[in-house]
Amino acid sequence: QMYHVAVQMYPMSDVSCGMSSQMYHVPCLLSVYSEEEKPRILLVDDDISLLKAISSYLETTSKYQIYTATGWSSSLPYLAEEDVIDCLVLDINMPEVDGYEYIDRVRSIGPDQDIPVILLTARALVQDRIKGYNYGANSYLTKPFDPEELISIIDNCLVTRETILRVEGQRVESLKAEMVQMKAE
């Protein structure tokens, strides 16, 4: 499935990171979705009120299809089928299976092993972030968080995943063409 990506450059002034103030152009993702279907985001958190708040906020953007689950068991129907979920946003502290083990299981079940995973958690220690990345998280966001930052991270993960899938598809097509040519010789 191919996504159409629209990116617009917005000027951002007065950026200060120890450098002089300059004008920068910052890419802003406007949309990442196919004509038929919006990207599917699975939110997994045992805190139902937070799950509802994040879900409601993401739905107001009209950019995504949002699915929610409160743990590993309730998320299995979404993970069992190929190409159902495009991005996973997940808490670490959950009773049934913690976020680290959750990532490990997702990465080992096959079809969704390349799904982007964003950890959204109260654990703010560097060791926790490193552990999350070592388990295969693509991004790590600590609570409390700005919902706009979550949207930016989701969009970035979707664009990166689509780029990887497109390049892999081109590689496969190239190899097929090479094999056909070799058989013809």
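Treat the numbers as computed from the prediction; the structure is a model and nothing was measured.

What follows concerns the packing of helix α1 (residues 48–60) against helix α5 (residues 147–184). Remark: α1 packs on α5, axes separated minimally by 11 Å, with the N-to-C direction vectors making an angle of 65°. Classified by the angle their axes make, α1 and α5 are roughly perpendicular. Crossing geometry of α1 relative to α5 is assigned as right-handed. Note on element contacts: α5 touches α1 through P147, E148, L150, I151 and I154, opposite I54, Y57 and L58.

The strands making up a sheet are joined through hydrogen bonds of the backbone, oriented either antiparallel or parallel. Judged by pairing direction, the sheet is parallel, and its five strands sit side by side in the order β4-β3-β5-β6-β7 without closing on themselves. Single-partner strands in this sheet number two, and they are β4 (65–69) and β7 (139–142). If you compare each strand with its neighbour and ignore which way they point, the axes differ by 20° on average.

Bringing the environment of L158 into the picture now. Position of L158 among the secondary structure elements: in helix α5. Overall, L158 belongs to the buried group, its relative accessible area being 2%. As a C-alpha pair, L158 and I41 span 117 residues in sequence and 9.9 Å in three-dimensional space.

The next subject is the confidence of the model for the protein chain. For the protein chain, per-residue confidence averages 78 on the pLDDT scale, and residues scoring 70 or more make up 78% of the total. Segment residues 1–32: pLDDT under 50, and 64 contacts once partners within four positions in sequence are set aside and those in other chains are kept.

Applying the stated criterion across every chain, the model contains four aromatic pairs. Each ring, one from Y100 and one from Y135, has its centre 5.4 Å from the other, and the planes form 35°; the classification is tilted. Residue Y100 is located in helix α3 (residues 99–108), and its partner Y135 is located in helix α4 (residues 126–135); the two are separated by 35 residues in the primary sequence. A cation sits over an aromatic face here: R105 above W72, 5.2 Å from the ring centre.

The subject of this paragraph is the nonpolar core. In this structure, L42, V44, L88, L90, Y102, V106 and L119 are the most contacted members of the largest nonpolar core, which totals 21 residues. Sorting the residues of this core by element identifies β3 (40–44), α2 (72–80), β5 (87–90), α3 and β6 (117–121) as the ones contributing at least two each. Tallying contributions element by element places α3 first for this core, with four residues. If you look at the next biggest cluster of nonpolar residues, it comprises 18 residues, including L58, I66, I153 and C157.

Along β6, five of the five residues are buried, which leaves the element largely enclosed by surrounding structure. Covered by surrounding structure in β6 are V117, L119 and T121 together with I118 and L120, the residues of both alternating faces. Pairing geometry for β5 and β6, over three bridges, is parallel. Note on β6: the bridge partner recorded for L88 is V117. With four bridges connecting them, β6 and β7 associate as parallel partners. Paired with I118 across the bridge in β7 is S139. Of the crossover connections in this fold, the one passing from β6 over α4 to the parallel β7 is right-handed.

Turning our attention to α3. Within the sequence span of α3, burial applies to G99, Y100, Y102, I103 and V106. When α3 is viewed along its axis, its buried side chains cluster within an angular range of 160° and face the same direction. Its buried side turned inward, α3 meets β3, α2, β5, β6, α4 and β7. Two to three positions downstream of the cap, the backbone nitrogen of Y100 sits 3.1 Å from a side-chain oxygen, assigning the N-cap of α3 to D98.

Conventions used here
All chains use their own residue numbering, which begins from 1 and follows the written sequence. Local features in a predicted model are, by the rule used here, given only for residues with pLDDT of at least 70; side-chain atom pairs are given and counted only at 80 or more, and totals for whole chains, interfaces and linings are based on all residues. Derived side-chain values reflect all non-hydrogen atoms in the structure, with water molecules and hydrogen atoms excluded from consideration. Only the stretch in contact is used when a helix axis is fitted, and all axes are lines through C-alpha atoms; the angle between N-to-C directions ranges over 0 to 180 degrees. The way it works is that DSSP assigns letters per residue, a run of H or I at least four long becomes a helix, a run of E at least two long becomes a strand, and they are numbered from the N terminus. Our angle categories are set so that under 35 degrees counts as roughly parallel, over 145 as roughly antiparallel, 65 to 115 as roughly perpendicular, and the remainder as oblique. Crossings are sorted by hand: turned counterclockwise from the far helix by less than a right angle, the near helix makes the crossing left-handed, and turned clockwise it makes it right-handed. Contact criterion: two residues are considered in contact whenever any of their non-hydrogen atoms come within 4.5 Å of each other. Criterion used throughout: strands pair if DSSP finds at least two bridges between them. Each residue's exposure class comes from its accessible area (1.4 Å probe, protein chains only) as a fraction of the maximum for that residue type: buried when under 20%, exposed when over 50%, partly exposed otherwise. Confidence scores here are pLDDT values: one per residue, from the predictor, ranging 0 to 100. Between 30 and 60 degrees the pair is tilted, below 30 it is stacked and above 60 it is edge-to-face, where a pair is any two Phe, Tyr or Trp rings, Trp via its six-membered ring, whose centres lie within 6.5 Å. Note on geometry: a ring has a charge over it if NZ (lysine) or CZ (arginine) is within 6 Å of the ring centre and within 35 degrees of the ring normal. As used here, the term nonpolar core means buried Ala, Val, Leu, Ile, Met, Phe, Trp, Tyr and Cys residues forming a set that is joined through side-chain atoms within 4.5 Å. A clockwise course of the path from the first strand over the helix to the second, judged with the strands pointing away from the viewer, identifies a crossover as right-handed. Each C-beta atom gives one direction from the helix axis, and the arc is the one those directions make. We call two N or O atoms a polar contact when they sit within 3.5 Å, provided that within protein one can donate a hydrogen and the other can accept it, with sequence-adjacent residues counted only if both atoms are side-chain atoms.

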